[in-house]
Amino acid sequence: MPEKETLKNQVCEAIDGRRQRVIGVGESIMDAPELGFKEVRTAQKVQEVFEEAGLSYESDLALTGVKAVLRGKRPGPTVALMGELDALVVPDHPRADAETGAAHACGHNAQIAGLMGAALGLSSVNVAEHLAGNVVFFAVPAEEYVEIDYRTSLVKEGKTSFLCGKAELIECGKFDDVDMAVMIHSTSPERSPRSAGLPVSTNGFLAKSIKFVGRAAHAGVDPENGVNALSAAQLALSAIDAQRATFRDADCVRVHPIITKGGDLVNIVPQEVRMETYVRAKTPAAILDAASKVDRALRGAATALGCKVEIETVPGNLPLENNSGLAAVFRENACRLFGNDAYGEEPHAGGSTDAGDLSQIMPVLHPYMTGARGTHHTPGWHIADQDAGYVAPAKTLAMMAIDLLWDDAQVARKVVEENSPAMTKDAYLAQQKAVFRTEEFDGAS
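The shown structure was predicted, so the numbers you read here are calculated from the model rather than taken from an experiment.

Enquirer: Is there a simple way to think about the overall build of the chain in this case?
Expert: Within the chain, the secondary structure is distributed over twelve helices and 22 strands. Relative to the globule expectation of 22 Å for 445 residues, the C-alpha radius of gyration of the chain, 24 Å, shows essentially globular dimensions. The principal-axis extents of the C-alpha atoms in the chain amount to approximately 85 × 45 × 40 Å. A total of 445 residues make up the chain; the buried ones form 56% of that total. Taking all contacts inside the chain whose residues are at least 6 apart in sequence as the whole, residues at least 24 apart take part in 80%. Carbon together with sulfur atoms contributes 48% to the accessible area of the chain, which is approximately 17600 Å² in total. Side-chain charges in the chain split into 43 positive and 60 negative, and the spacing between the mean points of these groups amounts to 2 Å.

Enquirer: Help me understand the sheet that holds strand E8 (residues 185-186), please; the structure alone is not making it clear to me.
Expert: The strands making up a sheet are joined through hydrogen bonds of the backbone, oriented either antiparallel or parallel. Pairing in this open sheet of four strands is mixed, and the strands run E8-E19-E9-E17 from one edge to the other. A single partner strand is all that each edge strand has here, and the edge strands are E8 and strand E17 (343-346). As paired strands, strand E9 (residues 196-199) and strand E19 (residues 368-369) are joined by two bridges and run antiparallel to one another. From the neighbouring strand, Gly-197 faces E19, where its bridge partner is Tyr-368.

Enquirer: I would appreciate a short explanation of the side chain of Asn-203 in the present structure.
Expert: You can see Asn-203 is positioned in the loop between strand E10 (201-202) and strand E11 (204-213). Side-chain polar atoms of Asn-203 contact the backbone nitrogen of Lys-282, separated by 3.2 Å.

Enquirer: In this structure, what is going on with the pattern of salt bridges? I would like to understand it.
Expert: Pairs can form between side chains of opposite charge whenever their charged atoms are close. Enumeration over the complete set of coordinates arrives at 34 salt bridges. Note that Lys-433 and Glu-171 form a salt bridge whose closest N and O atoms lie 3.2 Å from each other. In this pair, Lys-433 is assigned in helix H12 (residues 425-435) and Glu-171 in helix H6 (residues 165-171), connecting sequence segments 262 residues apart. Taking relative accessible area as the criterion, Lys-433 reaches 37% and is therefore assigned partly exposed.

Enquirer: Help me understand the pairing of E9 in this model?
Expert: Successive side chains on a regular strand alternate, one facing one side of the sheet and the next facing the other. Burial along E9 is two-sided: Ala-196 and Leu-198 facing one way and Gly-197 and Pro-199 facing the other are all buried. Bridge count for E9 against E17 is four bridges, and the pairing is parallel. Paired with Leu-198 across the two strands is Glu-345, which belongs to E17.

Enquirer: I'm lost on the packing of aromatic side chains in this one. Help?
Expert: A complete count under the given rule lists nine aromatic pairs for this structure. Ring centres 4.8 Å apart and planes at 85 degrees place the aromatic pair Tyr-145 and Phe-205 in the edge-to-face group. Note that Tyr-145 is positioned in the loop between strand E6 (132-140) and helix H5 (148-156) and Phe-205 in strand E11, a separation of 60 residues in sequence. Exposure remark for Tyr-145: the relative accessible area of 9% places this residue in the buried category.

Enquirer: Would you mind showing me how to read the pairing of strand E1 (residues 57-61) here?
Expert: As paired strands, E1 and strand E2 (residues 65-71) are joined by three bridges and run antiparallel to one another. The residue of E2 that forms the bridge with Leu-61 is Gly-65. Hairpin geometry of E1 and E2 is characterised by an intervening segment of three residues between the two adjacent antiparallel strands and by a positive phi of about 50 degrees at Ala-62.

What counts, and where the lines are drawn
Residues numbered from 1 in each chain as written. Predicted model: local features only at pLDDT ≥ 70, side-chain atom pairs only at ≥ 80, totals over all residues. Heavy atoms only, no water. Helix = DSSP H or I, 4+ residues; strand = E, 2+ residues; numbered from the N terminus. Rg over C-alpha atoms; globule rule 2.2 N^0.38 Å. Buried < 20%, exposed > 50% of the residue type's maximum accessible area, 1.4 Å probe, protein only. Contact = heavy atoms within 4.5 Å. Areas by Shrake-Rupley, 256 points an atom, 1.4 Å probe, with all protein chains shown as cover. Lys, Arg positive; Asp, Glu negative; His and termini not counted. Charge placed at Lys NZ, Arg CZ, Asp CG, Glu CD. Pairing = 2+ DSSP bridges. Polar contact = N/O pair within 3.5 Å; in protein donor to acceptor, adjacent residues only side chain to side chain. Salt bridge = Lys/Arg side-chain N within 4 Å of Asp/Glu carboxyl O. Phe/Tyr/Trp six-rings, centres within 6.5 Å; stacked < 30°, edge-to-face > 60°.

The following block contains the structure:
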């Protein structure tokens, strides 16, 4: 039986031997971006790699997800290595899809490339013979929270239950056989000077689509007969802004509404105005508290102008809690590749990810590694260093899997034993489904 370090070296050498294949996966996905729950071509690329690696897989999970399993020789915990299939909407990106505006301006193409590299490396050197437990390679859909109307329509048509991929996969039971999950997000010097690291936690959020309905009238001839929905929306923005002083600093609340439709014609009193907002915070309780204050501001504005307001609320992501045991394994392997000074830990972050949902029910790690340039979600984002952006994550994921499941999976078993989930799967699903709500309030009554 080889030593653990020997096995890790062999896997890294195997990944190096497939370097061009791994990079090719990342670059081909970069040039063919697809939005969430529509990642058909990207999923096909994943299936091709799984077939190349000799791994059996399930496909069409939560519409487009793909899941393969490498089974260890002895029973033990199951570690899921994850990558996200979807792009986001950045139409000005130089490699955006001309029709949809989709672009990989957040590095999900690198996530999938790293995941595929890990699958190729671990399956090529007979690693399973030396592990207790299983390694799941999971390409998951729809992490980016875009096209809310489309995703809401999927829920209303019964095609999905949630608007994000990991929540939908939890609902479908596809994480029931998983004990812990790890993924690596790309970053750039613009975001972090470190080559690798992680925030201790991130915000969660819910989303609101808002429609103010007034009464149209000629703005020059008889404005007195109109009810101005735009004025109601503007007042709502001011009321929401006035609530900011009531948010606790410790809750890291972020509310950032926009007006998506301001009226129809300049000489008509606006009858219909639409808004969208996220309500973010550090804890589920803080999210719901801030959301109730936003609703109160919306109703108050409708009352002041005598119009109607429709508020549709849908769940987003729950806060992410990075597991400290998994973080220690990641740090060891990241430092192995980049040096001891390359790793750093950061405080709570204000962004959100649906890995947060998973972290509420099992140990999860969502760190970052370097390799990109530019700012996330902007036209300048790209993988500039292919070895750091594509190959290093593949090696890190593979080495983490070996560390966790080596020696009768002692490290993985300890992670499971020491983790105290915030909620059960059933409690999680009930809580998130309860967020779905549509309210119609008539301020004129």
